[in-house]
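# Notes for the structure review
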Amino acid sequence: MSLDDPNMSRPVIRQLDDAAINRIAAGEVVERPASAVKELVENALDAGARRVLVEVAHGGKSLIRVTDDGCGMGPDDLPLALSRHATSKIDGSDLLNIQSFGFRGEALPSLGAVGRLKIVSRVQGGEAHEIRVTGGEMSAVRPAALSRGTVVELRDLFYATPARLKFMRSDRAEMQAITDVVKRLAMAEPGVGFTLKDVTEGERIALRADPESGDLFDALAGRLRGLIGREFVENALRIEAEREGLRLTGYAALPTYSRGAAVAQFFFVNGRPVRDRQLYGALRAGYMDVLARDRHPAVALFLDCPPSLVDVNVHPAKSEVRFRDPGLVRTIVVSTLRDALARGGHRASSTVGAATLGAFRAEPAAPATPDGRPRVYQMDRPSQASLTRARDWQAPGVAEAAPLWEAQTPSARVEPEAAPEAVARPLGAARAQIHENYIVAQTETGMILVDAHAAHERLVYERLKRQMDENGIARQALLIPEIVSLGDDAERLLEHAEDLGQLGLVIEGFGPGSVAVREVPALLGTVAAEPLLRDMLDEIDELGRSDGLRARLDAVLSRIACHGSVRTGRRMSAEEMNALLREMEATPKSGQCNHGRPTWVSLSLSDIERLFGRS
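The residue count restarts for each chain, going from 1 along the sequence in the order it is written. Given that this is a predicted model, residues contribute local features only at a pLDDT of at least 70 and side-chain atom pairs are listed and counted only at 80 or more, while totals for whole chains, interfaces and linings are drawn from all residues. As a rule here, side-chain values come from all non-hydrogen atoms in the structure, and water together with hydrogens is ignored.

Moving on to the packing of helix H9 (residues 277-286) against helix H10 (residues 326-343). The axes of two packed helices give the description: the angle between them and the distance between them. Contact pair H9 / H10: the axes reach a minimum separation of 8 Å and the direction vectors enclose 30 degrees. Put simply, H9 runs roughly parallel to H10. In the crossing of H9 with H10, the sense of the turn from one axis to the other is right-handed. Across the interface between the two elements, Gln-278, Leu-279, Gly-281, Ala-282, Leu-283, Ala-285 and Gly-286 of H9 pack against Pro-326, Val-329, Arg-330, Val-333, Val-334, Leu-337, Arg-338 and Leu-341 of H10. All amino acids are sorted into three groups, where Ala, Val, Leu, Ile, Met, Phe, Trp, Tyr, Cys and Pro are nonpolar, Asp, Glu, Lys and Arg are charged, and the leftover types, Gly among them, are polar. Class assignment of the residues belonging to the contact of H9 with H10 gives a composition of 10 nonpolar, three polar and two charged. For helices, the axis comes from a line fit to the C-alpha atoms of the stretch in contact; other axes are also lines fit to C-alpha atoms, and the angle between any two N-to-C directions lies between 0 and 180 degrees. In DSSP terms, a helix is any run of H or I states spanning at least four residues, a strand is any run of E spanning at least two, and both are numbered starting from the N terminus. With respect to orientation, any angle under 35 degrees is reported as roughly parallel, any angle over 145 as roughly antiparallel, any angle of 65 to 115 as roughly perpendicular, and every other angle as oblique. Left-handed describes a crossing whose near helix is turned anticlockwise from the far helix by less than a right angle; the clockwise case is right-handed. Throughout, a residue-residue contact means that at least one pair of heavy atoms, one from each residue, lies within 4.5 Å.

Dropping the structure here:
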């Protein structure tokens, strides 16, 4: 409508009532049933609960009940708990010193505005009381029965705002979201017991995590073993680093234990589960040259810092944070992950060996005879002639006689028995090469199968990177500098000119909104400067910095390493094979090739015996 329209009425500013305010707040805080579960479980943890029980029905749409054994609330606290911006967790004097999950005092009144809410609570040494809220209408406080702690029951979520129900997904999808929320909170608090039950029809335990004991890493490993899986803990590297007030701990999986989607990446900031794109970007950078683009690392990382260094009040659901120094956070995450992967040396995931075992298939058992005895075919019975030859072969003097069969061309070359000290090494001693590529090595506890091409490719790649870091990146000066017009983005890119110069890309300002490219990395050959600069700007916008140029240089080195490594089809001597195994043991990240695939697999003697039914 035009502002010149004489029929247009002047808008009037009105003060909304509390019911409307709470429903608007609920739209921000309570997006779906999982959001309500998150808020209620966080309240239980802030109350000092050691055990938390979550019961839901129909994906949380008809019932959410959270029971805890925390400190509880008295009868005077219950009405206050349902008032907006009333909380026991902060006093309002310092919003940068938040050390609890919740602090706004919005969750309970918001839930009471869109559902039927009942709270029963009891403080130690007192009596239990309850209060109810239905569609924003609060009842009086009444006596109730409860041994300790608090029970919060929410029924008919969004009944007061039926339009929101249309946006709910299926019961199964909502239940999966609730399970994910409880799983993340359980990881954050390994000393607290969590139980999640689906009570839609009967009672089904969807998740159970008993309290863990021991030091930080033992308790966390036990909790992750139950929530993510035993294989994750067995194939994860321990992460521990501290720098300038930041402390990073947790577990990061080996590159060969990667996933097809980013479903096993868990970040916590001061104990709070977060989904922060800067942290995810740092994670990708930490695994940059050890994973293929379509694979994703699995991690559970905990970043602890003084509350003044992080702002948690930037998202209604408190799922995002803002760091005072994001560059420092990125540095500690990237450097710690790279150091841990380098310390992992030649390790490869044990799941690779398990997959190898699964690839073996036993011959089908022979069908039984009618009386139940295994059928023995005639070809399985030695003939009289073969028995006679076997007896004659053992007679004196036969060993020096001519062989009974003509020698066949071997399909593999077998090496002489190795020295015991070589067998005792982590990757053992080479005993054979098969198909002119795969090395079979014997260890004290089993055998190792090595992809010689992939392994040597990684070794050459690491050697090239080391040489580039030591000698610097060769630059190629452009005869005529390339001028790229970037508009307002030029200044942001020039802020990173020094870092780019260390990677061989020399840029400088060239008038308003333009950048002159004077030198490029010689490894890249002919470079289209404008697409390269714009890609780096996109990365800077998303992550605060750009790793694209380094990734391109590493990609070139990777291709060089691929062409300069041992080719499939080349026969290697015992000395060459053992030298390759020794270099793998000494080279970081040699457990996977440049594309994230394993370079070797291990089979223990017990695994081999199990294949043949010997154990």
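Think of a salt bridge as a Lys or Arg side-chain nitrogen and an Asp or Glu carboxyl oxygen that are within 4 Å of each other. Per the stated rule, a full pass over the model turns up 26 salt bridges. Across the salt bridge formed by Arg-204 and Asp-198, the nearest N and O atoms sit 3.5 Å from each other. On the accessibility criterion, Asp-198 (14% relative accessible area) is buried. Of the charged contacts in the structure, one is a salt bridge between Arg-463 and Glu-583, with a shortest N-O distance of 2.7 Å. Taken together, the positions of Arg-463 in helix H14 (residues 452-471) and Glu-583 in helix H19 (residues 574-586) put the pair 120 residues apart, joining distant regions of the chain. By relative accessible area, Arg-463 is classed as partly exposed at 28%. Three or more residues are tied together by salt bridges with common partners; here these are Glu-55, Arg-65, Glu-153 and Arg-155. Note on exposure labels: buried denotes an accessible area under 20% of the residue type's maximum, exposed denotes more than 50%, and partly exposed covers the range between, all computed with a 1.4 Å probe on protein chains only.

Packing of helix H6 (residues 171-188) against helix H7 (residues 216-227) brings their axes to within 9 Å, and their N-to-C directions diverge by 165 degrees. Considered as vectors, H6 and H7 are oriented roughly antiparallel to each other. Here H6 runs over H7; the crossing is right-handed. Contacts from Lys-183, Ala-186 and Met-187 in H6 reach Leu-220, Arg-223, Leu-224 and Leu-227 in H7. Residues belonging to the contact of H6 with H7 are distributed by class as follows: five nonpolar, no polar and two charged.

So, on to the sheet that holds strand E22 (residues 506-509). One bridge is not enough; two strands pair if DSSP finds at least two bridges between them. Pairing is antiparallel in the open sheet, where three strands are placed in the order E21-E23-E22. Each edge of the open sheet is held by one strand with a lone partner, namely strand E21 (475-485) and E22. This sheet shows a mean twist of 20 degrees between the axes of neighbouring strands, independent of strand direction. As paired strands, E22 and strand E23 (residues 514-521) are joined by four bridges and run antiparallel to one another. When the sheet's bridge partners are listed, Ile-507 is paired in E23 with Val-517.

Pairing of aromatic rings covers Phe, Tyr and Trp, the last counted by its six-membered ring, and requires centre-to-centre distances within 6.5 Å; plane angles under 30 degrees mean stacked, over 60 mean edge-to-face, and any other angle means tilted. According to the stated counting rule, one finds four aromatic pairs in the structure shown. Note on Phe-217 and Tyr-251: the rings are 6.0 Å apart at their centroids and 85 degrees apart in plane angle, and the pair reads as edge-to-face. Within this pair, whereas Phe-217 is found in helix H7, its partner Tyr-251 is found in strand E11 (residues 246-253), the two being separated by 34 residues in sequence. For Tyr-251, a relative accessible area of 10% puts it in the buried group. Summarising the aromatic geometry, the rings of Phe-268 and Phe-302 are spaced 4.4 Å apart at their centres and angled 5 degrees between planes, so their arrangement reads as stacked. With Phe-268 in strand E12 (residues 265-269) and Phe-302 in strand E14 (residues 299-304), this residue pair connects regions lying 34 residues apart in the sequence. Exposure remark for Phe-268: the relative accessible area of 1% places this residue in the buried category. The exposure class assigned to Phe-302 is buried, which follows from its relative accessible area of 9%. Geometrically, a lysine NZ or arginine CZ counts as sitting over a ring once it is within 6 Å of the ring centre and also within 35 degrees of the ring normal. Sitting over the ring of Phe-217, Arg-238 keeps its end group 3.8 Å from the ring centre.

With that settled, consider the sheet that holds E11. As a general point, the strands of a sheet are linked pairwise by backbone hydrogen bonds and lie either parallel or antiparallel. The strand order E10-E11-E14-E12-E13 describes an open sheet built from five strands, whose pairing is mixed. On the outer flanks of this sheet lie strand E10 (236-243) and strand E13 (272-274), each paired with one strand and no other. For this sheet, the mean angle separating the axes of adjacent strands, direction not counted, is 20 degrees. Pairing between E12 and E13: three bridges, direction antiparallel.

Attention now moves to unusual backbone geometry. The phi angle at Asn-270 is positive, at roughly 50 degrees, despite the residue not being glycine. The class for Asn-270 is partly exposed, based on a relative accessible area of 33%. Positive phi, normally seen in glycine, also occurs at Glu-436, with a value near 50 degrees. Using a relative accessible area of 27% as the deciding quantity, one classes Glu-436 as partly exposed.

Here Leu-279 is to be found in helix H9. A relative accessible area of 2% places Leu-279 in the buried class. Put simply, Leu-279 and Arg-330 are 51 residues apart on the chain and 6.9 Å apart in space, counted from C-alpha to C-alpha. Setting aside its immediate chain neighbours within four residues, Leu-279 contacts Phe-267, Val-269, Val-274, Phe-323, Val-329 and Val-333.

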